[in-house]
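Now for the letters of each chain:
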Amino acid sequence: MSTPTGFMDYKRELPADRDPLERIKDWEEFHKHFNEDQLRTQGARCMDCGTPYCHTGIELPGGASGCPVNNLIPEWNNLIYRGLWREALDRLHKTNNFPEFTGRVCPAPCEGSCTVGLIGDAVTIKSIEQAIIDKGFEEGWVVPQPPKVRTSKKIAVVGSGPAGMACAAQLNKAGHTVTVYERADRIGGLLVYGIPTMKLDKGVVQRRVDLLEAEGVQFVTNTEIGTDISSQQLMDEFDAVVLCGGATKAREVDIEGRHLKGIHKAMDYLNGTIKSYLDSNLEDGNYVSAKGKNVIVIGGGDTGTDCVATALRHGCKSITQFGTVSKAPLERDPVKNPWPQFPNVYTLDYAQEEARALFGKDPRAFSVLTTKFVGDEYGNVKELHTVQIERTVDESGRRIYKEIPGTEQVWPADLVMIAVGFEGPETTIIDQLGLAQDRRSNVKAAYGDYSTSVDKVFAAGDMRRGQSLVVWAINEGREAAREVDRFLMGTTMLP
């Protein structure tokens with residue numbers, strides 16, 4: 001333990017983010033950082049619990065509890081307190097291939113299950129994690145480490161998101177020859193096209209890609225398996241195939257007027273802006289702009305929130321975000337949402353902070369159901385009709401929405417984004433290989449060994465478990481790599 005009374009002596013503090021009214025003028029990361037003394041103080045709050053829940057990495061009914069990659073959090077908190085940064089980096093990389101990603105975009109279930117949070121405010125784990133890896137790059141400690149010995153085994157990884165990259169990194173460490181296929185023009189999957197630059201600078205992603213290439217991982221872009229290369233060709237050319245293609249099939253809404261112009265799927269909207277920004281700093285105009293428009297985002301999750309932030313940077317006239325859930329309480333409900341579940345409490349994410357700073361209020365409308373889109377004479381959306389709802393769950397766990405009479409409302413809208421989640425993976429590869437699917441249409445693969453119904457084909461990440469967190473994808477990629485190595489070699493030394 002850093003100091004037995006640290007959690008009593010010091011208060012939880014977080015680095016201040018950039019001013020909301022300033023950061024919406026650009027597309028740069030909004031985070032600021034603590035200095036080493038401040039980080040040392042925050043590390044001192046860690047109690048080094050006898051049974052630390054922060055790195056348990058389990059799923060509870062209320063959400064994830066602890067770190068899915070089982071980060072050795074108390075150990076590197078103590079090392080930071082003692083000023084041993086290089087050793088802290090080694091401990092961090094022992095469980096997490098890409099802490100520079102999780103330190104920026106993970107919602108930190110570790111903090112939700114921190115024992116200090118039972119009686120006060122949790123340790124600032126996420127900030128310390130990011131600081132460790134950022135210092136590692138700054139000091140030149142993170143360098144390519146190619147394997148000393150190569151095996152004769154060749155493995156294809158389909159998808160270059162966090163699961164695919166983690167899987168490839170681990171299999172490469174084992175000495176196998178790994179080729180990663182990506183259908184987009186850049187490596188990174190949702191890390192590039194899916195998460196806006198203000199949350200995750202794409203230079204941070206490319207830096208890790210360059211490292212993996214230097215270690216021997218081969219990346220192939222602009223190549224869609226099942227279209228540009230047949231699935232059977234992969235089966236013929238490789239000793240194993242790992243599917244990490246994500247769950248990118250966007251869920252639709254069956255609402256009158258959905259066909260109107262100006263209504264877009266959230267990921268199409270986000271990815272258009274990201275690509276245009278990376279290609280030309282938005283000068284090519286190849287994106288849907290929210291400038292001067294009344295914008296409504298249907299969906300209260302992370303994707304919807306990113307749409308809000310993007311529309312603000314475009315210069316929208318107004319912004320509203322609809323969600324079907326009710327407004328969360330200010331404090332954790334000890335009965336319905338007990339520790340160590342992830343705390344379901346009212347907070348403002350970065351985009352809502354920005355909208356409030358610009359327009360004076362939280363942009364979210366809670367317990368709202370869209371009932372109709374209405375267009376003008378030219379086929380453009382001009383307004384949305386909604387009603388307030390009560391959401392309950394029946395005995396089978398199915399959600400039931402009950403409309404509240406007299407709560408109907410009309411909202412002006414020039415641009416609408418649909419961000420209501422994802423239905424599962426796209427099925428081209430699944431159909432070509434004849435893979436079994438589960439009831440949610442994900443590739444059916446056992447958690448224990450990640451094997452599918454087809455010999456030498458494995459699946460991991462969102463393609464296996466459904467849409468989830470980056471940190472869960474890294475966990476699955478690592479574990480799938482271990483089982484592929486065991487499959488090929490009969491044994492494995494991978495963690």
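The preceding data block contains the structure.
From a predicted model like this one, the values you see are computed outputs, not experimental measurements. (Residues numbered from 1 in each chain as written. Predicted model: local features only at pLDDT ≥ 70, side-chain atom pairs only at ≥ 80, totals over all residues. Heavy atoms only, no water.)

What to know about the environment of Ala-311
Looking at the element boundaries, Ala-311 is found in helix H13 (residues 302-314). In this structure, the C-alpha to C-alpha distance between Ala-311 and Ser-113, residues 198 residues apart in sequence, is 34 Å. Apart from the residues lying within four places of it in its own chain, the contact partners of Ala-311 are Tyr-269, Ala-290, Val-295, Cys-316 and Ile-319. (Helix = DSSP H or I, 4+ residues; strand = E, 2+ residues; numbered from the N terminus. Contact = heavy atoms within 4.5 Å.)

Comments concerning the nonpolar core
Membership of the largest hydrophobic core comes to 73 residues, with the highest contact counts inside it found for Ile-132 and Val-157. The element that contributes the greatest number of residues to this core is helix H17 (residues 470-489), accounting for 8 residues. If we skip the residues at most four places from it in the chain, Val-157 touches Gly-164, Cys-167, Ala-168, Val-178, Thr-179, Val-180, Tyr-181, Val-242 and Cys-244. Core analysis: the second largest hydrophobic core is formed by 26 residues, Met-267, Val-295, Cys-316 and Tyr-350 among them. (Core = buried A, V, L, I, M, F, W, Y, C linked by side-chain atoms within 4.5 Å. Buried < 20%, exposed > 50% of the residue type's maximum accessible area, 1.4 Å probe, protein only.)

Side note on unusual backbone geometry
Each neighbour pair has its own omega, and for Trp-339 with Pro-340 the value is 10°, a cis peptide bond. Here Pro-340 is to be found in the loop between strand S10 (318-322) and helix H14 (350-359).

Some words on the sheet that holds strand S9 (residues 294-298)
The strand order S8-S16-S9-S10-S11 describes an open sheet built from 5 strands, whose pairing is parallel. Among the strands making up the open sheet, the edge pair consists of strand S8 (263-265) and strand S11 (364-365). Bridging between S10 and S11 involves 2 bridges; their strand directions are parallel. Its bridge partner lying in S11, Gln-321 is registered against Arg-364. Strands S8 and strand S16 (415-418) of the sheet are contacted by helix H12 (residues 266-280), whose axis makes an angle of about 80° with S8. (Pairing = 2+ DSSP bridges. Axes fitted to C-alpha atoms, helices over the stretch in contact; angles between N-to-C directions.)

Digging into the packing of aromatic side chains
Overall, the coordinates contain 8 aromatic pairs when judged by the stated rule. Look at Phe-458 and Phe-487: their rings are 5.4 Å apart centre to centre, the planes differ by 70°, and that puts the pair in the edge-to-face class. Here Phe-458 is found in strand S18 (residues 457-459), whereas its partner Phe-487 is found in helix H17, with 29 residues between them in sequence. Sitting over the ring of Phe-137, Arg-207 keeps its end group 3.6 Å from the ring centre. Here the basic side chain of Arg-465 rests over the ring of Trp-472, its NZ or CZ set 4.3 Å away from the ring centre. (Phe/Tyr/Trp six-rings, centres within 6.5 Å; stacked < 30°, edge-to-face > 60°. Lys NZ or Arg CZ within 6 Å of the ring centre and 35° of its normal.)

Here we look at the pairing of S9
S9 sits mainly inside the fold: 5 of its 5 residues count as buried. Residues Asn-294, Ile-296 and Ile-298 point to one face of S9 and Val-295 and Val-297 to the other, with burial holding for every one of them. Pairing between S9 and S10: 5 bridges, direction parallel. Looking at the pairing, Val-295 lines up with Ile-319 of S10. In the classification by handedness, the crossover that spans S9, the intervening H13 and the parallel S10 is right-handed. The pairing of S9 with S16 spans 4 bridges and is parallel. Pairing of Val-295 across the sheet is with Leu-415, part of S16. (Right-handed = clockwise from strand over helix to strand, strands pointing away.)

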